[in-house]
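Examination of the molecular architecture
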Amino acid sequence: MNEAPQEEASVSDVCQTFFDLYNEQDIPSMTALFEPNGIVEYVPFDLSGPVEEVGPGSWGVLIDSFPDLRNEIHSVRQSGDNRFAFVDVSILGTQAKEAFGVPSKGRSYNVRHFFVFEFNDSRKIIHATSFWDNAQWYRQLGMTNLSD
C-alpha cells in the first residue's frame, strides 16, 4: 500500500509544537527543536546564550517556581521564505518559589510576550529572541521597588 508523502512541518507548526511542549513542561523536547548551536535570547533579562544552557536554565527555573506555568498563543506569523516566525503569546502562572530574584508572594502573572524564531533549512530553530514588559512582570508579582 502506498502512503501519501508527509508534508514538511512549517515554521509556524514548529512554533506551535514548542509552546505545546512548554505547556507540557517538557524541557528536553523543547531543546530538541533547536539546532545544536542554537541561541536563546531573553532581551528584558539581558540573557543570551546557547540553548543547552540558557533554555533549560531559564525554563527550568520558571517551571520550578511557577508549577502551573502555561501559555496562550494569540498569533503565529511566518515569513514568506519560511525562515522566521513571529509569535504573540501570553505566558502566565502562579509563583510558588523565588525566581530570578523575585521572592514568592504566591501571586500570579499574565504577561504578553513576543518571540522571533529564526530557522535553518531543516526547520530547526537557530535563534529564538523574546521580548516582554519586564516592569509589568515584576509589578504583577508584587515587586514594586526594583532598586533592592
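Refer to the structure presented above.
Residues numbered from 1 in each chain as written. Predicted model: local features only at pLDDT ≥ 70, side-chain atom pairs only at ≥ 80, totals over all residues. Heavy atoms only, no water.

As for the sheet that holds strand 5 (residues 108-119)
Ordered by their spatial adjacency, six strands build an open sheet running 2-1-6-5-4-3, and the pairing between neighbours is mixed. Every other strand in the sheet has two partners, leaving strand 2 (47-50) and strand 3 (70-78) as the edge strands with one partner each. Geometrically, the sheet is characterised by an average inter-axis angle of 15° between neighbouring strands, direction not taken into account. By the bridge criterion, eleven bridges tie strand 4 (residues 84-94) to strand 5 in an arrangement that is antiparallel. Considered in strand 5, the bridge of valine 89 is made with histidine 113. Packed on one face of the sheet, helix 1 (residues 11-23) meets strand 1 (34-42), strand 3, strand 4, strand 5 and strand 6 (125-132) and runs near 175° to strand 3. Taken strand by strand, helix 3 (residues 51-65) contacts strand 1, strand 2 and strand 4, and its axis lies near 55° from that of strand 1. (Pairing = 2+ DSSP bridges. Helix = DSSP H or I, 4+ residues; strand = E, 2+ residues; numbered from the N terminus. Axes fitted to C-alpha atoms, helices over the stretch in contact; angles between N-to-C directions. Contact = heavy atoms within 4.5 Å.)

So, the nonpolar core
General note: in soluble globular proteins, nonpolar side chains tend to be found buried as a group. Within the largest apolar cluster, 38 residues are counted, with the highest numbers of intra-cluster contacts made by Phe18, Tyr22, Trp59, Phe117 and Trp137. Within the residue set of this core, elements represented by two or more residues are helix 1, helix 2 (27-32), strand 1, helix 3, strand 4, strand 5, strand 6 and helix 4 (134-140). Examining the composition of this core, we find that seven residues originate from one element, helix 1, more than from any other. Among residues more than four places away in sequence, those in contact with phenylalanine 117 are Cys15, Phe18, Phe19, Arg83, Phe84, Ala85, Val87, Ile125, His127 and Ala128. (Core = buried A, V, L, I, M, F, W, Y, C linked by side-chain atoms within 4.5 Å. Buried < 20%, exposed > 50% of the residue type's maximum accessible area, 1.4 Å probe, protein only.)

What about the pairing of strand 3?
Consecutive residues of a regular strand have side chains that alternate between opposite faces of the sheet. Here strand 3 runs beside strand 4; their pairing, made up of eight bridges, is antiparallel. Among the inter-strand pairings, arginine 77 is bridged to a residue of strand 4, identified as phenylalanine 86. In textbook terms, the turn of a hairpin is the stretch between consecutive antiparallel strands, and for strand 3 and strand 4 this stretch comprises five residues, one of which, asparagine 82, has a positive phi near 60°.

Some details on the environment of glutamine 78
Relative to the helices and strands, glutamine 78 is located in strand 3. Judged by its relative accessible area of 35%, glutamine 78 is partly exposed. The spacing of glutamine 78 and valine 11 is 67 residues in sequence and 6.8 Å in space, taken between C-alpha atoms. Discounting residues that sit within four places of it in the chain, glutamine 78 has contacts with Ser10, Val11, Ser12, Phe84 and Ala85.

Here we look at the pattern of salt bridges
Throughout the structure, instances matching the rule amount to four salt bridges. Arginine 70 is the salt-bridge partner of aspartate 68, the closest N and O atoms lying 3.7 Å from each other. Since its relative accessible area comes to 32%, aspartate 68 is described here as partly exposed. A residue is classified by how much of its surface remains accessible, and arginine 70, at 37% relative accessible area, is partly exposed. Of the charged contacts in the structure, one is a salt bridge between aspartate 88 and arginine 112, with a shortest N-O distance of 2.7 Å. (Salt bridge = Lys/Arg side-chain N within 4 Å of Asp/Glu carboxyl O.)

Digging into the side chain of asparagine 82
Structurally, asparagine 82 is set in the loop between strand 3 and strand 4. Here glutamine 78 takes part through its side chain, which lies 2.8 Å from a polar atom of the side chain of asparagine 82. Beyond its immediate chain neighbours, meaning those up to four positions away, asparagine 82 contacts Ser10, Val11, Phe119 and Arg123. (Polar contact = N/O pair within 3.5 Å; in protein donor to acceptor, adjacent residues only side chain to side chain.)

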